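Survey of secondary and tertiary structure
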Amino acid sequence: QVQLVESGGGLVQPGGSLRLSCAASISITSFNAISWHRQAPGKERIMVATITGGSIINYPDSVKGRFTISRDAAKNTVYLQMNNLKPEDTAVYYCNANDRYSFVNYWGQGTQVTVSS
C-alpha cells in the first residue's frame, strides 16, 4: 500500500514562511505527477502546486511567485516552500500522487497550516 506522509505545517505570522514535506513509501519516479492541494474550512479542495515526471510545474495565480514545489528523488520526498504567507493561505494541505502504471490517486493525511498574527 502506497503511503504519503505530510509534515511541516504549523502556525506562522503573515509574511512568514513554511516548508511542507511529502514523504512517499515508494519511489516518486513511480508517479505521473505529484501535487499539493489545500482545503480551507467550508471550501473545496484546490490544487496549489503540481510537478510532473517530466518536471513540468504549475501553480494557480493565487500562489504563483510565493510557493515553490520541488522534489528529491533520493529521499522520495516532494516539498512545498511557501513564502510571504497570507491569512487566506490557512488550510489543511494535502499531498497527492498519481501512479503512472495503475493511475490510482493517493492522498496523504494532511497537515494544518495556520497564518495568523
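The structure under discussion appears in the preceding block.
Residues numbered from 1 in each chain as written. Predicted model: local features only at pLDDT ≥ 70, side-chain atom pairs only at ≥ 80, totals over all residues. Heavy atoms only, no water.

A tally of helices and strands in the chain yields zero helices and eleven strands. Helices and strands appear in the chain in the N-to-C order β-β-β-β-β-β-β-β-β-β-β. Relative to the globule expectation of 13 Å for 117 residues, the C-alpha radius of gyration of the chain, 13 Å, shows essentially globular dimensions. In terms of overall dimensions, the chain has a C-alpha envelope of 45 × 25 × 25 Å along the principal axes. Considering only contacts in the chain between residues 6 or more positions apart, those separated by 24 or more positions represent 54%. Accessible surface for the chain amounts to roughly 6,100 Å². Of this, 49% is attributable to carbon and sulfur atoms. When the 10 basic and 7 acidic side-chain charges of the chain are each reduced to a single mean position, those positions are 4 Å apart. (Helix = DSSP H or I, 4+ residues; strand = E, 2+ residues; numbered from the N terminus. Rg over C-alpha atoms; globule rule 2.2 N^0.38 Å. Contact = heavy atoms within 4.5 Å. Areas by Shrake-Rupley, 256 points an atom, 1.4 Å probe, with all protein chains shown as cover. Lys, Arg positive; Asp, Glu negative; His and termini not counted. Charge placed at Lys NZ, Arg CZ, Asp CG, Glu CD.)

On to the pattern of salt bridges. Counted according to the given criterion, the structure contains three salt bridges. Asp 89 serves as the salt-bridge partner of Arg 38, at 2.8 Å between the closest nitrogen and oxygen. Remark: Asp 89 occurs in the loop between strand 8 (77-82) and strand 9 (91-99) and Arg 38 occurs in strand 4 (residues 31-39); sequence separation between them is 51 residues. Like Arg 38, the residue Asp 89 is buried in the burial classification. As a salt-bridge pair, Asp 61 and Lys 64 come within 3.3 Å of each other at their nearest N and O atoms. Exposure remark for Asp 61: the relative accessible area of 65% places this residue in the exposed category. Sharing partners across several salt bridges, the network here consists of Arg 38, Arg 66 and Asp 89. (Salt bridge = Lys/Arg side-chain N within 4 Å of Asp/Glu carboxyl O. Buried < 20%, exposed > 50% of the residue type's maximum accessible area, 1.4 Å probe, protein only.)

Let us look at the state of the cysteines. Counted under the stated rule, the structure contains one disulfide. Disulfide pairing places Cys 22 opposite Cys 95 at an S-S distance of 2.0 Å. Taking the torsion about the S-S bond as the criterion, the Cys 22 to Cys 95 disulfide, at about -75°, is left-handed. Of this pair, Cys 22 sits in strand 3 (residues 18-24) while Cys 95 is found in strand 9, placing the two residues 73 residues apart along the sequence. Judged by relative accessible area, which is 2%, Cys 22 ranks as buried. Taking relative accessible area as the criterion, Cys 95 reaches 0% and is therefore assigned buried. (Disulfide = S-S within 2.5 Å.)

By way of backbone hydrogen bonds, the strands of a sheet pair with one another, either parallel or antiparallel. The strand order 1-3-8-7 describes an open sheet built from four strands, whose pairing is antiparallel. The strands lining the two open edges of the sheet, one partner per strand, are strand 1 (4-7) and strand 7 (67-72). Going across the sheet, the axis of each strand differs from the next one's by a mean of 15°, ignoring polarity. Strand direction decides the pairing type here: strand 7 and strand 8, joined by six bridges, are antiparallel. Looking at strand 8, one finds that Thr 68 is bridged to Gln 81. (Pairing = 2+ DSSP bridges. Axes fitted to C-alpha atoms, helices over the stretch in contact; angles between N-to-C directions.)

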